Amino acid sequence: MVRLKRKIIKPQPIKELKKRKFLEEYSKESLEKVVDIPPESNLDKNISYVKDVMGNSSDLVVRNIIIGGHTNLKAALIYLDGLTDNVAIDQYIMGALMIQLNGKIPADLTTKPEPLIDWIKDSGLIINDVTPTESLKEIIEAILVGDCAILLDGSNKALLANAKGWEKRSVDEPKTESVVRGPRDGFVETLRTNTALIRRRLKDPNIRVISLKTGTRTKTDVAIMYIEGIMDEKIVKEAVRRIKAIEIDGVLESGYIEQYIEDNPLSPFPQIQNTERPDKVASHLLEGKLAIIVDGTPYVLIAPAIFSQFYHSPEDYYERFLIGSMIRVIRIISMSFALLLPSVYIAFSSFHPEMIPSKLMIAMAAGRSTVPFPSIVEAFLMEITIEILREASVRLPGPIGPTIGIVGGLVVGQAAVEAGIVSPIMVIVVSLTTIGSFASPSYNSAISLRMLRFPIMVAAGLFGLYGIMLALILIFIHLCSLKPFGIPYLSSITPFRLRDMQDTLIRLPIPWMKKRPTPFHTQDKTRM
Amino acid sequence: MGKQLADKRPISSRQAMSIVSSTILGVGVLTLPRVVASEAHEAGWIAILCGAFATSIVMIIVTKLGLRFPHLNFIETCSHVLGRDKGKSNKLGKLLSYPIIIILIAYYLVVAASISRTFGEVVVTAVLKETPLEVIIGTMLLTSLYLVKFDIDVLARLNELLLPLIVIPILLIALLSFQSFQLEFILPVWPGLSLSGFLKGVLLTMFAYQGYELILIFSNRIQIIKKSLWFNILGIIIPSVIYLLIVIAGISVFGDEELAILMWPTLEIIKVTEVPGMILERLESLFLGVWVAAVFTTTANFFYAITLLTQQVFGRGKRIWYGLGFTPIIFWLSLQPQNIIALFDFQQYIGYAGLTLGALIPAFLLIMAFIRKKGSSTGPLATKGPSAKEKSTAIQQE
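Parameters and conventions
- Residues numbered from 1 in each chain as written.
- Chains lettered and ligands numbered in written order.
- Predicted model: local features only at pLDDT ≥ 70, side-chain atom pairs only at ≥ 80, totals over all residues.
- Heavy atoms only, no water.
- Helix = DSSP H or I, 4+ residues; strand = E, 2+ residues; numbered from the N terminus.
- Contact = heavy atoms within 4.5 Å.
- Salt bridge = Lys/Arg side-chain N within 4 Å of Asp/Glu carboxyl O.
- Buried < 20%, exposed > 50% of the residue type's maximum accessible area, 1.4 Å probe, protein only.
- Buried area = accessible area lost by both parts, 1.4 Å probe.
- Polar contact = N/O pair within 3.5 Å; in protein donor to acceptor, adjacent residues only side chain to side chain.
- Pairing = 2+ DSSP bridges.
- Core = buried A, V, L, I, M, F, W, Y, C linked by side-chain atoms within 4.5 Å.
- Domains from an automatic or database assignment.
- pLDDT = per-residue confidence, 0-100.
- Expected span 1.5 Å × (residues − 1).
- Phe/Tyr/Trp six-rings, centres within 6.5 Å; stacked < 30°, edge-to-face > 60°.
- Lys NZ or Arg CZ within 6 Å of the ring centre and 35° of its normal.

On to the environment of Arg201(A). Residues and elements named next belong to chain A. On the secondary structure map, Arg201 appears in helix 7 (residues 191-201). Spatially, the C-alpha atom of Arg201 lies 9.7 Å from that of Val281, the residues being 80 residues apart in sequence. Not counting residues within four places of it along the chain, the set of residues in contact with Arg201 comprises Pro183, Asp185, Pro278, Asp279 and Ala282.

Below you can see the structure in the form of structure tokens.
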């Protein structure tokens, strides 16, 4: 019996797990070995090999050419149609190799393909980035990212010419983070454009870009950007380690990376910020944070993020300090509305009616007299309805989105009140809650607040204000326990530092903020 | 060495101050005006000041003891002071320190139970009239249990975060209630009062300052700076200011005779307070709602100290398991008093026990350490040479 128990409780023996892991790694290695053979000097063999690996895909283009009119110099260009710039291939690769080299190849090289290919690299191709390679694996990888491979008959060396060019969106105004005042350019889906947008703002030679690849199949390019001399190097190392540890086949958006490298993925609060705005990234780099740019998405990650930066907007700094501070305070109030208003309504109307001024109480009671449900049911009904509306209006095609908003918000709300399903006050509460949650400048923190509102509503329905406070304390404990990249999530509120309050609840005039925020352990502590 | 010391110490001195303040501020404020008025009458506010002074003296002893053994936790301090020197097997010291630890744990358990019971009573009588008492106590303990799960820096940060939420509302209420201030109620300053009666009043106010002694348990995790002692004493000053204002408000609004017969005098003060603008008609529900935070920090800090001590005694295990084990014990203890009168009597005994334990144990240990010449008598910062100042700054930065 005891033995049986032990067998059930005992986890799989470590030896077996190790063996399995070894086997997996071994098979992976052997798979790579198959690909990783040097190109042979026979051109046809190489071409057929590449075709084999790529499974004769229809977008794989193999173009056989003859270099410089010498019939013995057979070559082939291999690239993927659509990932390459046709003009570059036509004019600067094929044009150069076939026409411009006519009669210019040194006579002694025409019979020696090996030195010839180096000569072509140095003086033949009019392409900015050409790398020689001796591995078929590298050739295939290069073709997959949009390079053009040039293979020469008789040589086991090949050239990889950068001819990348694909359809891309132009730099556009960010859709999710619009501001009244501030730059209008936003990130796009191309990694290089994004790094350039940041570089355009920070002409600092100390900017460092670390390039990584994640995703065994998508091989997504990831770049970590930070300013050396400001950034705490420990955090950079940790970020690189975490990104390298990601084991997944596909990284399609920066959200994948975010969820892998977050300290507490189960928390409702985001510990890494995402943004579409290059100016925001630049300002965070200056504060000693790092940016993680992922190819294929306009959302750049900023890590480590602390709670206060989720209600900060770049606009706070562009407007004058009184306006910026007031906007920030209003934002905090509206976010607390989004979190607490429905639950306070429930608590007041069902547990503490004595707190409401008597005249208002009479009006509320009159409004509620036809409502058949207790206030918590009423609140849940309306809140869920409004969440459905919100989600639906995101999915709706552009022109009818606002219409549905009006129909949903006004018509349904009005009709619900007239039908006596909800009270008019409830409609006010729900609309304030929803509007309040959209005042938050970052979408993901607004979502987390909107989500947490439901458990608080349940607590309020059970225990009134006592319940709300207990729920809040639980949230506070959780917030205090979060430490993204070792930095307390509520930094500058707790652990309290008076100097960091310059840019937490309000914002002091910019000339007064001479120091960088302390929580990020910046190497260079002063701004000016 | 300074760097190492700082690395392991997650609690800043400001957080230590918050821990002291928010542990002291709890259910005491709900009954304090009655207790003071019944013993010290119009001179109640003087009693509060004397109580704060006496508590500060004990605080100095507690802090000095902590600074004398900056690297040892409480159990190690006990066994080191009572037993043989370090390096040799110290069975004697351990054996001698176990009774102290067990008495402390038992006392903390009773305190945590009585606090949650008192708050449960006031919530059930004033706000949630149909909710069973057990539910209030249970939810409070479970919320504390969630905190026990985390490391000590989370406790420190939570106390720092909640302290303004506790202090600002009660200060506002105390100030607002001065609307119905009547000067004749607080005069004469010194009524015909026997000294022994007044001293009893002081003693009773000192009960309301209980909780400061927890800093002893956490002391080896607190960053040491030159002003450590001042921060700890500031932690006593904050609640004493609140107590002072609320007692003056109570006496000036009701007079000491009437105040002495009110069951929950602070709630009565809040009831007569009017909010400017009439946004809210009555405030006591809101106050009790906010005061959940104050009571929570007291209960949870005691709970945390209990689990931390047991963990140190056994030297292994996760705190959450000890916490799970202690939750039903505290729950059961909290339901022992038959009614609220029995609870108040019970609290008196706890108060006496708290004064004895909170003051005598550290004083005894400090004297023993002094006699047996253990620990650094000058404190960790007053080391020789010019490096002392550098060290203190190094410690101050994390």
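What follows picks up the thread again.
Residues and elements named next belong to chain A. Per the stated rule, a full pass over the model turns up 33 salt bridges over all chains. Ionic pairing is found between Arg242 and Glu238, a salt bridge with its closest N-O pair at 2.7 Å. Of the two residues, Arg242 and Glu238 are both situated in helix 8 (residues 233-244); the distance of four residues between them amounts to about one turn of the helix. Residue Glu238 is classed as partly exposed on the basis of its relative accessible area of 24%. As a salt-bridge pair, Arg516 and Asp524 come within 3.1 Å of each other at their nearest N and O atoms. If you follow the salt bridges from partner to partner, you end up with Glu383, Glu387, Arg390, Glu391, Arg395, Arg450 and Arg453 in one network.

Counting from both sides, the interface comprises 29 residues of chain A and, opposite them, 35 residues of chain B. Buried surface at the junction of chain A and chain B, both sides included, amounts to about 2900 Å², of which 71% is carbon and sulfur. For chain A, the biggest contributors to the area lost against chain B are Met355(A), Tyr466(A) and Ile477(A); these three give 22% of the whole. One can count one salt bridge joining chain A with chain B. A salt bridge links Asp153(B) to Lys483(A); its shortest N-O distance comes to 3.5 Å. Our count for the chain A to chain B interface comes out at nine residue pairs in polar contact (both at pLDDT 80 or more).

To continue, consider the pairing of strand 7 (residues 220-227) of chain A. All names here are of chain A. Most of strand 7 is tucked away, with seven of its eight residues classed as buried. Pairing of strand 6 (residues 207-214) with strand 7, which is carried by eight bridges, proceeds in the antiparallel orientation. Residue pairing in the sheet places Arg208 in a bridge with Tyr226 of strand 7. Here strand 6 hands over to strand 7 after five residues, with Gly215 in that stretch at a positive phi of 90°. One ladder, built from four bridges, connects strand 7 with strand 9 (residues 290-294); its direction is antiparallel. Note that in strand 9 the partner of Met225 across the bridge is Ala291.

Below, the discussion takes up the nonpolar core. Counting 180 residues, the largest nonpolar core has Phe74(B), Tyr108(B), Phe119(B), Phe218(B) and Trp291(B) as the members making the most contacts within it. Top element by residues in this core is helix 17 (residues 443-481) of chain A. It accounts for 21 residues. Beyond its immediate stretch of four places on either side in the chain, Phe74(B) contacts Ile100(B), Ile101(B), Leu104(B), Leu216(B), Ile217(B), Leu309(B), Gln312(B), Ile361(B) and Leu365(B).

Partitioning chain A into domains gives domain 1 (2-34), domain 2 (43-162), domain 3 (191-305) and domain 4 (317-486). The gap between the C-alpha centroids of domain 2 of chain A and domain 3 of chain A is 35 Å.

Let us now look at the confidence of the model for chain B. All names here are of chain B. Overall, the predicted model of chain B reaches an average pLDDT of 85, with 91% of residues at or above 70. Segment residues 1-7 is flagged for pLDDT under 50; beyond a separation of four residues in sequence, or across chains, it makes 11 contacts in the model. pLDDT under 50 marks residues 382-398. Its contacts with residues more than four places away, or in other chains, come to 21 contacts.

Turning our eyes to something else, we now look at helix 10 (residues 195-208) of chain B. Residue and element names in this part refer to chain B. In a regular helix each residue adds 1.5 Å, so 14 residues correspond to 20 Å; helix 10 covers 20 Å between its end C-alpha atoms and thus fits that length. All of the buried residues in helix 10 are Gly197, Phe198, Gly201, Val202, Leu204, Thr205, Met206, Phe207 and Ala208. Where the residues of helix 10 are buried, they touch helix 2 (13-24), helix 3 (28-40), helix 4 (44-68), helix 12 (228-254) and helix 17 (340-371).

Residue and element names in this part refer to chain A. Considering all chains together, one arrives at 18 aromatic pairs over all chains under this definition. Centre to centre, the rings of Phe380 and Phe454 are 5.6 Å apart; their planes meet at 35°, and the pair counts as tilted. Here Phe454 lies in helix 17 and Phe380 lies in helix 14 (residues 375-395), a separation of 74 residues in the sequence. Here Phe380 falls in the partly exposed class, since its relative accessible area comes to 22%. An aromatic cluster is defined as three or more aromatic residues linked by ring pairs; in this entry it consists of Phe269, Phe307, Tyr311 and Tyr489. The cationic tip of Arg242 hangs over the ring face of Phe485; the distance from NZ or CZ to the ring centre is 4.3 Å.

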